[in-house]
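# Notes for the structure review
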Amino acid sequence: MEISDKAKKSMESLGLTNYEIRVYTSLLFAGSNTASEISKKSGVPYSKIYDVLNSLYVRGWIYSDNQRPQNFFPKSPSNAVEAMMIEMENNLRSNKNIIINELMPIYEKTGLKEKPDIWVVSGLYNIAIKVTEIIQSTKEELLIAIPKIPENVVRSIQPILRDLFDKGVKITILASDETNGETVKAMSRVADVRLKDNMFGGGVIGDSKHVLILLGEGKAEASNNSSYDTIAIWAEHTGLASFAKDYFQYLWQDARSNPSKTL
(Lines give C-alpha, C1' and ligand atoms only; values in the text may rest on other atoms or scores of the structure.)
Protein backbone atom coordinates (compact mmCIF):
# COMPACT_ATOMS: atom_id res chain seq x y z
CA MET A 1 0.00 0.00 0.00
CA GLU A 2 1.04 3.58 -0.63
CA ILE A 3 -0.08 6.98 0.55
CA SER A 4 -1.52 9.56 -1.84
CA ASP A 5 0.59 11.99 -3.83
CA LYS A 6 -1.09 14.81 -1.88
CA ALA A 7 0.16 13.38 1.42
CA LYS A 8 3.65 12.87 -0.03
CA LYS A 9 3.81 16.50 -1.18
CA SER A 10 2.67 17.67 2.23
CA MET A 11 5.44 15.66 3.90
CA GLU A 12 7.96 17.02 1.39
CA SER A 13 6.82 20.57 2.22
CA LEU A 14 7.84 19.87 5.83
CA GLY A 15 11.34 18.98 4.65
CA LEU A 16 11.21 15.18 4.49
CA THR A 17 13.17 13.53 1.70
CA ASN A 18 11.80 10.88 -0.62
CA TYR A 19 13.77 8.18 1.24
CA GLU A 20 12.49 9.39 4.61
CA ILE A 21 8.88 9.34 3.39
CA ARG A 22 9.27 5.83 2.00
CA VAL A 23 10.86 4.52 5.21
CA TYR A 24 8.30 6.15 7.50
CA THR A 25 5.27 5.00 5.48
CA SER A 26 6.76 1.50 5.29
CA LEU A 27 6.90 1.42 9.10
CA LEU A 28 3.45 2.95 9.30
CA PHE A 29 1.93 0.03 7.40
CA ALA A 30 4.12 -2.65 9.05
CA GLY A 31 4.00 -1.37 12.64
CA SER A 32 7.65 -2.32 13.24
CA ASN A 33 10.60 -3.75 11.32
CA THR A 34 14.33 -4.27 11.40
CA ALA A 35 16.59 -2.12 9.23
CA SER A 36 17.01 -4.95 6.74
CA GLU A 37 13.25 -5.48 6.42
CA ILE A 38 12.61 -1.76 6.11
CA SER A 39 15.17 -1.53 3.30
CA LYS A 40 13.46 -4.32 1.38
CA LYS A 41 9.92 -3.01 1.84
CA SER A 42 10.69 0.67 1.24
CA GLY A 43 13.11 0.19 -1.64
CA VAL A 44 15.72 2.35 0.08
CA PRO A 45 19.24 0.93 -0.47
CA TYR A 46 20.62 -0.83 2.61
CA SER A 47 23.74 1.35 2.38
CA LYS A 48 21.50 4.39 3.04
CA ILE A 49 19.00 2.89 5.47
CA TYR A 50 20.73 3.75 8.76
CA ASP A 51 21.32 7.37 7.71
CA VAL A 52 17.63 7.70 6.87
CA LEU A 53 16.51 5.99 10.09
CA ASN A 54 18.80 8.20 12.15
CA SER A 55 17.43 11.33 10.46
CA LEU A 56 13.84 10.28 11.16
CA TYR A 57 14.74 9.46 14.77
CA VAL A 58 16.36 12.87 15.35
CA ARG A 59 13.38 14.65 13.80
CA GLY A 60 10.88 12.75 15.94
CA TRP A 61 9.20 10.49 13.41
CA ILE A 62 10.34 7.09 14.69
CA TYR A 63 11.80 5.36 17.77
CA SER A 64 13.54 2.03 18.37
CA ASP A 65 14.02 -0.68 21.00
CA ASN A 66 17.23 -2.16 22.40
CA GLN A 67 16.72 -5.65 21.04
CA ARG A 68 19.01 -7.51 18.70
CA PRO A 69 18.24 -7.21 15.91
CA GLN A 70 17.04 -3.68 16.59
CA ASN A 71 13.42 -2.91 15.72
CA PHE A 72 12.12 0.47 14.60
CA PHE A 73 8.62 1.84 15.21
CA PRO A 74 6.70 4.80 13.75
CA LYS A 75 5.53 7.57 16.02
CA SER A 76 2.01 8.84 15.46
CA PRO A 77 1.82 11.29 12.55
CA SER A 78 0.19 13.94 14.75
CA ASN A 79 3.02 13.84 17.31
CA ALA A 80 5.68 13.76 14.58
CA VAL A 81 4.22 16.78 12.77
CA GLU A 82 3.80 18.67 16.04
CA ALA A 83 7.43 18.03 16.99
CA MET A 84 8.57 19.15 13.55
CA MET A 85 6.51 22.35 13.75
CA ILE A 86 8.09 23.19 17.08
CA GLU A 87 11.53 22.60 15.58
CA MET A 88 10.71 24.78 12.56
CA GLU A 89 9.36 27.58 14.75
CA ASN A 90 12.48 27.50 16.91
CA ASN A 91 14.72 27.61 13.85
CA LEU A 92 12.69 30.44 12.34
CA ARG A 93 12.86 32.44 15.56
CA SER A 94 16.60 31.88 15.86
CA ASN A 95 17.27 32.83 12.22
CA LYS A 96 15.00 35.86 12.54
CA ASN A 97 17.01 37.18 15.48
CA ILE A 98 20.32 36.63 13.69
CA ILE A 99 19.13 38.38 10.52
CA ILE A 100 17.56 41.34 12.31
CA ASN A 101 20.42 41.88 14.74
CA GLU A 102 23.06 41.82 12.01
CA LEU A 103 21.33 43.36 9.00
CA MET A 104 19.02 46.02 10.50
CA PRO A 105 21.93 48.25 11.64
CA ILE A 106 23.29 48.14 8.08
CA TYR A 107 19.89 49.08 6.62
CA GLU A 108 19.39 51.89 9.14
CA LYS A 109 22.79 53.42 8.34
CA THR A 110 21.72 53.94 4.71
CA GLY A 111 18.94 56.27 5.81
CA LEU A 112 16.57 54.56 3.37
CA LYS A 113 12.83 54.43 3.92
CA GLU A 114 10.57 51.74 2.60
CA LYS A 115 8.90 52.56 -0.72
CA PRO A 116 5.29 53.68 -0.23
CA ASP A 117 2.52 52.01 -2.17
CA ILE A 118 1.37 55.32 -3.66
CA TRP A 119 3.42 58.32 -4.78
CA VAL A 120 2.26 61.88 -5.38
CA VAL A 121 3.67 63.38 -8.57
CA SER A 122 3.43 67.14 -9.11
CA GLY A 123 4.16 69.31 -12.11
CA LEU A 124 3.36 68.66 -15.76
CA TYR A 125 6.99 67.84 -16.58
CA ASN A 126 7.29 65.20 -13.83
CA ILE A 127 3.90 63.73 -14.69
CA ALA A 128 4.85 63.52 -18.37
CA ILE A 129 8.04 61.64 -17.45
CA LYS A 130 6.12 59.14 -15.31
CA VAL A 131 3.49 58.65 -18.01
CA THR A 132 6.25 57.96 -20.53
CA GLU A 133 7.83 55.41 -18.16
CA ILE A 134 4.53 53.56 -17.77
CA ILE A 135 3.91 53.55 -21.52
CA GLN A 136 7.40 52.32 -22.34
CA SER A 137 7.24 49.51 -19.77
CA THR A 138 3.86 48.18 -20.96
CA LYS A 139 4.02 44.72 -22.54
CA GLU A 140 0.40 43.70 -23.14
CA GLU A 141 -2.29 46.34 -22.58
CA LEU A 142 -2.26 50.13 -22.26
CA LEU A 143 -5.27 52.24 -21.26
CA ILE A 144 -5.12 56.03 -21.56
CA ALA A 145 -7.79 58.55 -20.52
CA ILE A 146 -6.96 62.18 -21.23
CA PRO A 147 -9.49 65.04 -21.14
CA LYS A 148 -7.44 67.38 -23.32
CA ILE A 149 -4.36 66.43 -25.32
CA PRO A 150 -1.93 69.18 -26.35
CA GLU A 151 -0.52 68.78 -29.85
CA ASN A 152 3.07 68.67 -28.63
CA VAL A 153 2.25 65.84 -26.22
CA VAL A 154 0.70 63.78 -29.01
CA ARG A 155 3.74 64.31 -31.21
CA SER A 156 6.10 63.27 -28.41
CA ILE A 157 4.33 60.02 -27.49
CA GLN A 158 3.23 59.00 -30.99
CA PRO A 159 6.51 57.17 -31.80
CA ILE A 160 6.32 55.31 -28.48
CA LEU A 161 2.73 54.27 -29.11
CA ARG A 162 3.63 53.18 -32.63
CA ASP A 163 6.45 51.03 -31.25
CA LEU A 164 4.08 49.38 -28.75
CA PHE A 165 1.48 48.86 -31.47
CA ASP A 166 4.07 47.16 -33.66
CA LYS A 167 4.96 44.87 -30.74
CA GLY A 168 1.34 43.76 -30.42
CA VAL A 169 0.37 45.80 -27.34
CA LYS A 170 -3.35 46.53 -27.17
CA ILE A 171 -3.80 50.30 -26.82
CA THR A 172 -7.10 51.89 -25.83
CA ILE A 173 -7.52 55.67 -25.59
CA LEU A 174 -10.46 57.59 -24.15
CA ALA A 175 -10.28 61.28 -25.14
CA SER A 176 -12.40 64.38 -24.83
CA ASP A 177 -14.78 65.03 -27.73
CA GLU A 178 -13.14 68.46 -27.96
CA THR A 179 -9.90 66.85 -29.11
CA ASN A 180 -8.62 68.07 -32.46
CA GLY A 181 -9.72 65.85 -35.36
CA GLU A 182 -6.19 65.40 -36.70
CA THR A 183 -5.01 64.38 -33.26
CA VAL A 184 -7.77 61.78 -33.01
CA LYS A 185 -6.90 60.47 -36.46
CA ALA A 186 -3.22 60.18 -35.53
CA MET A 187 -4.03 58.24 -32.35
CA SER A 188 -6.47 55.99 -34.18
CA ARG A 189 -3.67 54.62 -36.33
CA VAL A 190 -2.23 52.82 -33.31
CA ALA A 191 -5.12 52.58 -30.85
CA ASP A 192 -8.81 51.98 -30.37
CA VAL A 193 -10.13 55.49 -29.66
CA ARG A 194 -13.43 56.70 -28.26
CA LEU A 195 -14.55 60.23 -27.46
CA LYS A 196 -16.50 61.41 -24.44
CA ASP A 197 -17.94 64.75 -23.42
CA ASN A 198 -17.41 66.31 -20.00
CA MET A 199 -14.14 64.47 -19.41
CA PHE A 200 -12.68 65.21 -15.99
CA GLY A 201 -9.30 64.03 -14.81
CA GLY A 202 -7.57 61.21 -16.62
CA GLY A 203 -4.85 58.64 -16.26
CA VAL A 204 -2.74 55.82 -17.64
CA ILE A 205 -2.89 52.11 -16.78
CA GLY A 206 -0.17 49.73 -17.94
CA ASP A 207 -0.61 45.94 -17.84
CA SER A 208 -3.19 46.23 -15.04
CA LYS A 209 -0.50 47.02 -12.46
CA HIS A 210 1.10 50.42 -13.21
CA VAL A 211 -1.36 53.29 -12.78
CA LEU A 212 -1.16 57.08 -12.84
CA ILE A 213 -4.27 59.12 -12.07
CA LEU A 214 -4.46 62.86 -12.78
CA LEU A 215 -6.06 64.74 -9.90
CA GLY A 216 -6.07 68.26 -11.34
CA GLU A 217 -4.48 71.26 -9.71
CA GLY A 218 -3.26 71.59 -6.15
CA LYS A 219 -1.27 74.13 -4.20
CA ALA A 220 2.40 74.16 -5.10
CA GLU A 221 4.98 73.68 -2.36
CA ALA A 222 6.57 77.03 -3.11
CA SER A 223 6.29 79.87 -0.62
CA ASN A 224 3.69 81.59 -2.78
CA ASN A 225 0.47 80.11 -1.39
CA SER A 226 -1.54 81.34 -4.38
CA SER A 227 0.52 79.18 -6.73
CA TYR A 228 -1.08 76.01 -8.10
CA ASP A 229 0.39 73.03 -9.93
CA THR A 230 -0.94 69.91 -11.62
CA ILE A 231 -0.75 66.82 -9.41
CA ALA A 232 -1.25 63.10 -9.92
CA ILE A 233 -0.90 59.87 -7.97
CA TRP A 234 1.21 56.99 -9.25
CA ALA A 235 1.35 53.43 -7.97
CA GLU A 236 2.57 49.98 -8.89
CA HIS A 237 -0.38 48.38 -7.18
CA THR A 238 -2.63 45.75 -8.80
CA GLY A 239 -5.57 46.58 -6.52
CA LEU A 240 -5.60 50.28 -7.38
CA ALA A 241 -4.92 49.51 -11.06
CA SER A 242 -7.84 47.08 -11.11
CA PHE A 243 -10.16 49.69 -9.60
CA ALA A 244 -8.97 52.30 -12.11
CA LYS A 245 -9.42 49.85 -15.00
CA ASP A 246 -13.01 49.09 -13.94
CA TYR A 247 -13.78 52.82 -13.89
CA PHE A 248 -12.11 53.28 -17.28
CA GLN A 249 -14.27 50.53 -18.77
CA TYR A 250 -17.37 52.13 -17.25
CA LEU A 251 -16.53 55.43 -18.98
CA TRP A 252 -15.62 53.57 -22.17
CA GLN A 253 -19.08 52.00 -22.46
CA ASP A 254 -20.67 55.45 -22.27
CA ALA A 255 -18.31 57.01 -24.84
CA ARG A 256 -18.95 57.24 -28.59
CA SER A 257 -16.88 55.48 -31.19
CA ASN A 258 -14.51 57.52 -33.28
CA PRO A 259 -16.14 58.02 -36.71
CA SER A 260 -12.91 59.13 -38.36
CA LYS A 261 -10.86 56.09 -37.25
CA THR A 262 -8.33 54.96 -39.86
CA LEU A 263 -5.89 52.08 -39.51
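From a predicted model like this one, the values you see are computed outputs, not experimental measurements. (Residues numbered from 1 in each chain as written. Predicted model: local features only at pLDDT ≥ 70, side-chain atom pairs only at ≥ 80, totals over all residues. Heavy atoms only, no water.)

## Some remarks on the side chain of Glu141
Cut-off, in case you're wondering: In DSSP terms, a helix is any run of H or I states spanning at least four residues, a strand is any run of E spanning at least two, and both are numbered starting from the N terminus. Using a 1.4 Å probe on the protein chains alone, a residue whose accessible area is under 20% of its type maximum counts as buried, one over 50% counts as exposed, and one in between counts as partly exposed. Distance and chemistry together define a polar contact, namely a pair of N or O atoms within 3.5 Å, with one atom able to donate a hydrogen and the other to accept it when in protein, and with adjacent residues in sequence counting only for side-chain atoms on both sides. Residues count as neighbours in contact if any of their non-hydrogen atoms are within 4.5 Å of one another.
Within the secondary structure layout, Glu141 lies in strand β5 (residues 141-146). Its relative accessible area of 18% is what places Glu141 among the buried residues. One polar contact links Glu141 to Lys245, side chain to side chain, over a distance of 2.9 Å. Setting aside chain neighbours within four positions, we find Glu141 in contact with Val169, Lys170, Ile205, Gly206, Asp207, Ser208 and Lys245.

## Let's talk about the sheet that holds strand β2 (residues 62-64)
Note the cut-off: Two strands qualify as a pair provided that DSSP identifies no fewer than 2 bridges between them. Structural elements are reduced to axes, namely lines fitted to C-alpha atoms, with helices fitted over the stretch in contact, and the angle between N-to-C directions of any two is expressed from 0 to 180 degrees.
Across the sheet, three strands lie side by side as β1-β3-β2; this open sheet has antiparallel pairing. Each edge of the sheet is formed by a strand with only one pairing partner; in this case those strands are β1 (33-34) and β2. Looking at chain direction, β1 and strand β3 (residues 71-74) are connected through two bridges and run antiparallel. Looking at β3, one finds that Asn33 is bridged to Phe72. Each of β1, β2 and β3 is contacted by helix α2 (residues 18-30), which is oriented at about 90° to β3, the strand it contacts most. Where helix α4 (residues 46-58) meets the sheet, it contacts β2 and β3, and its direction lies at approximately 110° from that of β2.

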